[in-house]
Amino acid sequence: MQEEKLDSIVSRFLSGYESEKELFGEPKKHFPNRSQIIRVISDLRTIMFPGYFDDDSKAGESSDVLVAERLLHINRVVRDQVCNALMFGNNELRHAEAYERAAGLTMKFMDELPEVQSLLLKDIQALYEGDPAAGSYEEVLVSYPGLYAIFVYRLAHVLYQLDVPLIPRLMTEHAHSKTGIDINPGATIGEYFFIDHGTGIVVGETTIIGDHVKLYQGVTLGALSTRKGQQLSGVKRHPTLGDYVTVYSNASILGGETIIGNGAVISGSAFVCESVPENAHVKLKDQEIVVHRPDEPEPQWFYVI
C-alpha cells in the first residue's frame, strides 16, 4: 500500500516537472554554486578586514603572503562561478569563450576591491559617528548587521555593473536572509551610508542614494506600482535620495520620479510618493496619541467594518 502511494506521489512530481518547461525542461548544466559564493563573501571579508573574522592573524594584522594567497584563491573561485553564470545566462555560449570572458570580468572585479574597502571604511565611520550606542569602530565592524548588508551589497554591485548574471542577486539575498535588510545589487549608493538597526529595510533596484544618507529600520525605497511586471524591467521605478537625507523608521518612499532633496528629513511612518525639496521636513499631520490610565473609566471603542 505504501509503495503504491509513493508511486502515485512520484508520478505527480514528474507531471509537475513536465508541465513547467522553464524550470524543468532542459537540465541546467552550468549554474552558479551558492555555497561557493557564500564562502567567497566570507573570504573577501577576511581580505578587507584581516584578523577580525579569522584565526590566522591578530585583529588588524595583515601579511603580504597571506593576502596574496587569499586573493589567488578568490580569483579562481569567482572566475569559475562567473563562467557558470555566463553559460547559464546564454546556453549557446561555449565554455572556452565563457571562461575567457569570466577571467576578464573577474580581474575587473578584483581590481575594484581596494575601492570597495575604501567605501566600507567610510560606511564604518558613518555608522560609528551616527550611533551614540556604538562603542568603537571595531564594534561596528564585527557586530552591526547593517554594515554586513552594506558590505555584501558593495561587492555585489560591482558584479552587477559588470553584467554578471544571477551571482549579484544570490549575494544580496544571502545578506537579506542573515540581516533582514534587502538591498538590490542594482541600487546606486554613495559614500558614508548609514543603516541603524536595519531590520525590514528594502532598497529597490533602480534606487539612487547620495552621500551621508541615513536609513532606519523598516524603511522602504520602492516602486509605486509593479502591475506591469517584466515590462518595467530596466525602467527607473524607485526613488532618488540626495545627500544628507535622513529617513526614519517605517517610512515608505515610492516611485521612479520621486526625488528627495539634499538635507531633507522624512519622519517615521510617512508615505511619500512625490518629490520633496531640499532641507524640507516631511511628517504626518494631526497624529493623536491617546493614553488610558488605570484609574480612569475604560474608553469605548467603535470599529467600522
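*Asks:* Sorry if this is basic, but what is going on with the overall build of the protein chain here?
*Replies:* Across its full length, the protein chain holds eight helices and 14 strands. Burial statistics for the protein chain: of 305 residues in total, 41% are counted as buried. Sequence separation of 24 or more characterises 45% of the internal contacts of the protein chain that already satisfy a separation of 6 or more. Surface accessibility of the protein chain: about 18300 Å² in total, with carbon and sulfur atoms responsible for 51%.

*Asks:* I keep staring at unusual backbone geometry and nothing clicks. Help me out?
*Replies:* Negative phi values dominate among residues other than glycine, just as trans dominates among peptide bonds. Positive phi, normally seen in glycine, also occurs at Leu-166, with a value near 65°. Position of Leu-166 among the secondary structure elements: in the loop between helix H7 (145–161) and helix H8 (167–179). Taking the relative accessible area as the measure of exposure, Leu-166 reaches 28% and is therefore partly exposed. Within the chain, His-212 stands out as a residue other than glycine whose phi angle is a positive 60°.

*Asks:* Even after reading the chapter, I still don't get the packing of helix H4 (residues 64–89) against helix H5 (residues 95–130), so can you show me in this structure?
*Replies:* What describes two packed helices is the angle between their axes and the distance between those same axes. Their axes nearest at 8 Å, the elements H4 and H5 cross at an angle of 135°. Put simply, H4 runs oblique to H5. In terms of crossing hand, the pair formed by H4 and H5 is right-handed. Counted together, Leu-71, Ile-74, Asn-75, Val-78, Arg-79, Asp-80, Val-82, Cys-83, Leu-86 and Met-87 of H4 and His-95, Ala-98, Tyr-99, Arg-101, Ala-102, Ala-103, Leu-105, Thr-106, Met-107, Phe-109, Met-110 and Leu-113 of H5 form the full contact between these two elements. Broken down by class, the residue content of the contact of H4 with H5 amounts to 16 nonpolar, three polar and three charged.

*Asks:* Hey, could you run me through the sheet that holds strand S11 (residues 259–260) in this one?
*Replies:* The strands making up a sheet associate through backbone hydrogen bonding, with each pair oriented either parallel or antiparallel. With parallel pairing, the four strands of this open sheet are ordered in space as S2-S5-S8-S11. Two strands bound the open sheet, and with one partner strand each, they are strand S2 (188–189) and S11. Both S2 and strand S5 (residues 208–209) contribute to a ladder of two bridges, which runs parallel. Within the sheet, the bridge partner assigned to Thr-188 lies in S5 and is Ile-208.

*Asks:* Would you mind going over empty space enclosed by the protein with me for this structure?
*Replies:* Counted under the stated rule, the structure contains two cavities of 30 Å³ or more. Lining the largest cavity are Ile-37, Val-40, Ile-41, Leu-44, Val-77, Val-78, Gln-81, Val-82, Phe-109, Leu-159, Ile-167 and Met-171. When contributions to the lining of the largest cavity are tallied by element, the ones reaching two or more residues are helix H3 (34–48), H4 and H8. In terms of residue class, the lining of the largest cavity is built from eleven nonpolar, one polar and no charged.

Cut-offs and rules
- Residues numbered from 1 in each chain as written.
- Predicted model: local features only at pLDDT ≥ 70, side-chain atom pairs only at ≥ 80, totals over all residues.
- Heavy atoms only, no water.
- Helix = DSSP H or I, 4+ residues; strand = E, 2+ residues; numbered from the N terminus.
- Buried < 20%, exposed > 50% of the residue type's maximum accessible area, 1.4 Å probe, protein only.
- Contact = heavy atoms within 4.5 Å.
- Areas by Shrake-Rupley, 256 points an atom, 1.4 Å probe, with all protein chains shown as cover.
- Axes fitted to C-alpha atoms, helices over the stretch in contact; angles between N-to-C directions.
- Parallel < 35°, antiparallel > 145°, perpendicular 65-115°, else oblique.
- Left-handed = near helix turned anticlockwise from the far one by under 90°.
- Nonpolar A, V, L, I, M, F, W, Y, C, P; charged D, E, K, R; others polar.
- Pairing = 2+ DSSP bridges.
- 1 Å grid on protein atoms, 1.4 Å probe; cavity = no way out; pocket = protein on both sides within 12 Å on 5 of 7 lines; lining within 4 Å.
- Points joined across faces, edges and corners; volume = space filled by probe spheres on them.

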